Amino acid sequence: MLNRDQIMFYEENGYLVIEDAIAPEQLDALGRVTGEFIERSRQLSGSDDVYDLDAGHSAAEPRLTRIKLPHLLHPIYWDTLSVAPMTAILTALLSPNVRLHTSKLNTKAPGGGAAVEWHQDWAFYPHTNDDLLAVGLMLEDVTEENGALMVIPGSHKGPVLDHTSSGVFCGAVDPADPLFDLASAVTLTGKAGTISLHHVRTLHGSAPNMSDRARLLLFYECGAADAWPINGNSGPFTGMPQAAMWDDMQKRMICGSQPRAARLEPIPVIMPVPPAPDSSSIFKVQKSGGAVSAFCDPRVA
Ligand SMILES: O=C(O)CCC(=O)C(=O)O
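Residues numbered from 1 in each chain as written. Predicted model: local features only at pLDDT ≥ 70, side-chain atom pairs only at ≥ 80, totals over all residues.

J.: Account for the overall build of the protein chain, naming residues and giving values.
T.: Looking only at helices and strands, one finds eight helices and 14 strands in the protein chain. Its C-alpha radius of gyration of 18 Å places the protein chain within 12% of the 19 Å reference for a compact globule of 301 residues. Over its C-alpha atoms, taken along the principal directions, the protein chain stretches across nearly 50 × 45 × 40 Å. Burial status across the protein chain gives 45% buried among its 301 residues. (Helix = DSSP H or I, 4+ residues; strand = E, 2+ residues; numbered from the N terminus. Rg over C-alpha atoms; globule rule 2.2 N^0.38 Å. Buried ≥ 20, exposed ≤ 12 C-beta atoms within 10 Å, placed from the backbone.)

This is how it looks when you write it as structure tokens:
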């Protein structure tokens, strides 16, 4: 599925975009199931284990930032990930043994749906090596106007930037950080069915959705299975007893098997502590942690 040039592009730049990555019928089915989940959110007045609500959500006008862990909510989300061509792409970029770290469906609502401030996923969940990435499957067309994902090419080879505000982990970099080079950002747009891939250390963020169309991006965050999470990170295994963690790791295998050996690489690690007051989603971490917005920061021209 991936040719040598695509693999080299990913290794050099820390991201890649692939058009028509899934079959049109699969895309239609995903759209239908996702629409049903959004419909059900009308009954809610607060966020819960499934939905993260955006400001202004109501029964008349559902406004969500996220549907959490979709792979646990409906088989279609796991089935999309665990077959070719996804498996071929993941094994080409990561390892024959690939484990799902987490999934999320970011449903940026029309008319101002929340920005995701610039960050590195690595700042949230460092592992023993950094062969991890996020797949973003576009369920609708993504354009400059509806809050496309943006990345800083090559930043996966650079430092882990400071993700704190007033001494608390806020899950976002300060837009005024001299190590943050916003001018080199690239916007990842595409038709529905396109996927983007970004390395776990690649700096990325996205603006509010100022269009009249939802931006539905289904993220699968995956890694080489010999990348073991470092205790104290904010990943899915936090607080799990050892046996439950081992069991859960098997359930998350997309291809291959879970090795006992951890591969250690000499790479920068900064732990995401002390945690923000609300760690229930990146939106809540950034808000409650006091992140400075790159999208309306008066210090950034
Ligand atoms: O939805 C987006 O635009 C980015 C999401 C993201 O980076 C995250 O949830 O970690």
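J.: Requested: an account of the pairing of strand S11 (residues 195-199), with residues and values cited.
T.: Here S11 lies mainly inside the structure; five of its five residues are buried. Neither face of S11 is left uncovered, since the one carrying Ile-195, Leu-197 and His-199 and the one carrying Ser-196 and His-198 both have all their residues buried. For strand S1 (residues 15-18) and S11, the ladder comprises four bridges, and the chain directions are antiparallel. If you follow Val-17 over to S11, its bridge partner there is Ser-196. Pairing geometry for strand S6 (residues 132-138) and S11, over five bridges, is antiparallel. Bridged to Val-135 within S11 is Leu-197. (Pairing = 2+ DSSP bridges.)

J.: Lay out unusual backbone geometry in plain terms, naming residues and giving numbers.
T.: Between Ala-84 and Pro-85 the backbone carries a cis peptide bond, its omega angle lying at 5°. Looking at the secondary structure, you find Pro-85 in the loop between helix H4 (75-81) and helix H5 (86-93). A cis amide bond links Val-273 to the next residue, Pro-274, at an omega of -10°. Its identity as a non-glycine residue notwithstanding, Leu-69 has a phi of 45°, on the positive side. Looking at where Leu-69 falls in the secondary structure, it is placed in the loop between strand S3 (64-68) and helix H3 (70-73). Overall, Leu-69 belongs to the partly exposed group, with 15 C-beta atoms counted inside 10 Å. Residues other than glycine seldom take positive phi values, yet Ser-166 does so here, at roughly 50°.

J.: Describe the environment of Leu-27, listing the residues and the values that go with them.
T.: Looking at the element boundaries, Leu-27 is found in helix H2 (residues 24-40). C-alpha of Leu-27 to C-alpha of Thr-80: the two residues are 53 residues apart in sequence and 9.2 Å apart in space. Setting aside residues up to four positions removed in sequence, Leu-27 forms contacts with Ile-22, Ala-192 and Gly-193. (Contact = placed C-beta atoms within 7 Å.)

J.: How would you summarise the nonpolar core if you had to cite specific residues and measurements?
T.: Grouped together as the largest cluster of nonpolar side chains are 74 residues, with contacts concentrated most on Leu-90, Val-98, Leu-133, Val-135, Leu-197 and Cys-222. Examining the composition of this core, we find that seven residues originate from one element, strand S13 (residues 215-224), more than from any other. (Core = buried A, V, L, I, M, F, W, Y, C linked by C-beta atoms within 7 Å.)

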